[in-house]
Amino acid sequence: MTTVARDAVAAVDPAPPPDKPAAGPSRHRFRAVAGFAFGAALLFAVAPLLLSDFRLSLLAKYLCVAMVAVGIGLAWGRGGMLALGQGVFFGLGGYAMAMHLKLADAGPGNMPDFMMLYGQLDELPLWWRPFASPWFALPATVLLPMAVAFVLGSLVFRRRVRGAYFAILSQALAAAMVILLIGQQGTTGGTNGLTDIQGFFGYNLDDPVNQRMVYFIIAGTLLALLALVRHLMQSRYGELLVAVRDSEERVRFLGYDPANVKLVAYVVAAGMAGLAGALFVPAVGIISPALIGIVPSIEFVIGVAIGGRATLLGPVLGAVAVAWARTALSERFPGTWTYLQGLLFVVVVAFLPGGLASLVGLARRRDGESRDGEPRAGVLARLRRGRKEAA
Amino acid sequence: MTVLIGQLFTGVSIGAVLLLIALGLALTFGQMGVINMAHGEFIMAGAYTTYVLQQVITAAGWSLLIALPVAFVVAGAMGVLLEILLIRRLYARPLDTLLVTWGVSLILQQLARDVFGSPNVQTRAPDLLTGNIALPGGITVANNRLFILALAAGAVVALTVALRVTPLGRRIRAVVQNRDLAAVSGIPTARVDRMTFFIGSGLAGIAGVALTLLGPIGPTMGTNLIIDAFLVVVVGGIGQLKGTVIVAFALGVLQASGEYLTTLSVAKVMVFIAIVAFLQWRPQGMFTLRTRSLA
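This one's a predicted model, so the numbers in the text were calculated from it and none came from an experiment.

## A word on the confidence of the model for chain B
Residue and element names in this part refer to chain B. Mean pLDDT over chain B stands at 87; residues scoring 70 or higher make up 97%. Confidence, read as mean pLDDT per element, is least for strand E1 (residues 132-135) in chain B (78) and greatest for helix H2 (residues 39-56) (94). Confidence metrics for the complex model read pTM 0.86 and ipTM 0.87.

Listed below in structure tokens is the structure:
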């Protein structure tokens, strides 16, 4: 094993174990708070000042992708479940929000414009009706994806369906959902999806001031999700999740049920993707099958892999960087971007499995610092690797 | 009754296509544990091989016949190259093979776009395969579907014989069952891996040739098929071909009857639910090789 890979493992989780005695916790907590404040200042003050309205709304879109990435980082980076179908949950959240906004746009008693166009329906389909109420639609953007993830997750994890199988099943779910959405054109808008959304709870989305407000909501939500995941990872549950990733059987022998541990991470990740989808709709004004199928689902993972799947900030930065690079490059050199995207994916995953975040860890190790910050999981994984080499 | 049999044949012919696509995966995914997302692009390579050959050899019958071995070698060579360059380093990390090969598939798709152009292209089918055969009872059977069925059957038989009888097949099975023990017994496991990849990827090329009979050839043709094929291998179980064969036809028939009763999109969802339900009953798939591993 090369040193790069070894250090990547060591850098997998820079957060220290929570019950480490002495100077450790308070210093780390201080760092976390300072980092959080820095991020908040960047998102809430610097970005709105420096960026034009157009750029800011692009950033809002990227931050939605970053929210999905935070969830994938939790499920995949910490939990070892490669969730390839996150587009499904993003889509469920997005469609729930879009359905409500479409109904609100149409006004009480009226039907969304596209239904008259394709469906020639006389009245609103039954399953659309509850979405007229914000009290149903808003919780549904998060709870609906969580419910689907709970059903699939509990069926799959309890029967110990293995990693690769799970990845393929989650991908198949994305494929099935896209085909279903396209097939039911009359009630879902088909390939076009739900487009042309104008209002957001009484605010006109064309107004730049309101777009700015949407951006602030998105930025605040992202920060809250990061705080949530950090808190989760510092808890006993976080340790268990990493332990399940590294050795599911051992955790089982210790008396825990790994299925439940994995289920929680998967369901939370699904909720985050749903929330991201819900906020994506007012930011971009559209949700469609093309945004949630197999290809976008894998693209969610790309940013996470490149940034560093098992760190807190890696997925966020990776997702934003990849989304930004796509916009910057794909318009001018569409072919080149695809090659670059593929190449980046191959090189990072094959040769730098910890993502770009592991480069930071590498540099730090060279300075001789942060030995104390080495997590137990890293040690465990290293031990296992060492044994494999010896074998 | 006629409708029923007609539907059954539709299902079987969907199953035959699925089987052809999944057969290569049964080797590389089922036996080697590598999730090769670029498998779909090897199928595309086989299809484009047929297209290129038809530009040179204008007689459709001959070009199709010649395309079969050529596509096998072309796709197989691509598979070996992929194995040598990347997959060799990733045998211990199966999930990462999925991501890496996805990157490869992006590159290959773009390459196809740059070489052949984005619009789909079409090959001419040989006259022999364009018509229908009318069976008694008013059932018609499309010749090209029949040909694909025969091709799938031939591929299964050839692969089974190769795995059971030839020295290479014995080595492949030995490596799959217990890699360490095989290595100790003097089997060059790295070379066997490479040959397994050659055969598995080559079968994708054959599937690509068959698909030219059913529709247009395009840079993204692989992506649409690959998930279904993976599901077949997952449900079929690891290490044996009979699971793949049975499940391919079962899913084909389920898909066709679901489509007949409802719509295509609902049928897809039904198939997915059926698969998850099946995995509750047999989480390791229909048939599995018994090993001593805990996982």
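## Observations concerning the pairing of E1(B)
All names here are of chain B. Judged from the 4 bridges that link them, E1 and strand E2 (residues 139-142) form a sheet pairing that is antiparallel. In the sheet register, Ala134 faces E2, and the bridge partner there is Thr140. Hairpin geometry of E1 and E2 is characterised by an intervening segment of 3 residues between the two adjacent antiparallel strands and by a positive phi of about 95° at Gly137.

## Here's the deal with the packing of helix H3 (residues 53-78) of chain A against helix H12 (residues 258-284) of chain A
All names here are of chain A. Put simply, H3 and H12 touch, their axes get as near as 8 Å, and they point 175° apart. In terms of orientation, H3 and H12 fall into the roughly antiparallel class. Contact with H3, carried on its side by Ala60, Lys61, Cys64, Met67, Val68, Val70, Gly71, Leu74 and Ala75, involves Ala265, Val268, Ala269, Met272, Ala273, Ala276, Leu279, Phe280, Ala283 and Val284 of H12 and no other residues of that element. Taken together, the residues that form the contact of H3 with H12 break down as 17 nonpolar, 1 polar and 1 charged.

## Examining the interface of chain B and chain A
Interfaces are frequently sized by the accessible area removed from exposure as the parts join. Contact residues are listed per partner, giving 42 residues for chain B and 44 residues for chain A. Taken together, both faces of the contact between chain B and chain A bury some 3,900 Å²; the carbon and sulfur share is 78%. Counting the surface chain B buries against chain A, the share from its top three residues, B:Leu99, B:Trp102 and B:Phe272, is 16%. Between the two partners, chain B and chain A, sit 1 salt bridge. Put simply, A:Arg309 and B:Asp96 hold a salt bridge, and the shortest N to O gap is 3.3 Å. Linking chain B with chain A are 9 residue pairs in polar contact (both at pLDDT 80 or more), by the criterion used here. For the side of chain B that touches chain A, the secondary-structure elements that each account for two or more residues are helix H4 (94-116), helix H9 (221-236) and helix H11 (264-281) of chain B. In terms of residue count, the dominant contributor to the side of chain B that touches chain A is H4(B) (13 residues). In the side of chain B that touches chain A, the residues fall into 30 nonpolar, 7 polar and 5 charged.

Conventions and cut-offs
Residues numbered from 1 in each chain as written. Chains lettered and ligands numbered in written order. Predicted model: local features only at pLDDT ≥ 70, side-chain atom pairs only at ≥ 80, totals over all residues. Heavy atoms only, no water. pLDDT = per-residue confidence, 0-100. Helix = DSSP H or I, 4+ residues; strand = E, 2+ residues; numbered from the N terminus. Pairing = 2+ DSSP bridges. Axes fitted to C-alpha atoms, helices over the stretch in contact; angles between N-to-C directions. Parallel < 35°, antiparallel > 145°, perpendicular 65-115°, else oblique. Contact = heavy atoms within 4.5 Å. Nonpolar A, V, L, I, M, F, W, Y, C, P; charged D, E, K, R; others polar. Buried area = accessible area lost by both parts, 1.4 Å probe. Salt bridge = Lys/Arg side-chain N within 4 Å of Asp/Glu carboxyl O. Polar contact = N/O pair within 3.5 Å; in protein donor to acceptor, adjacent residues only side chain to side chain.

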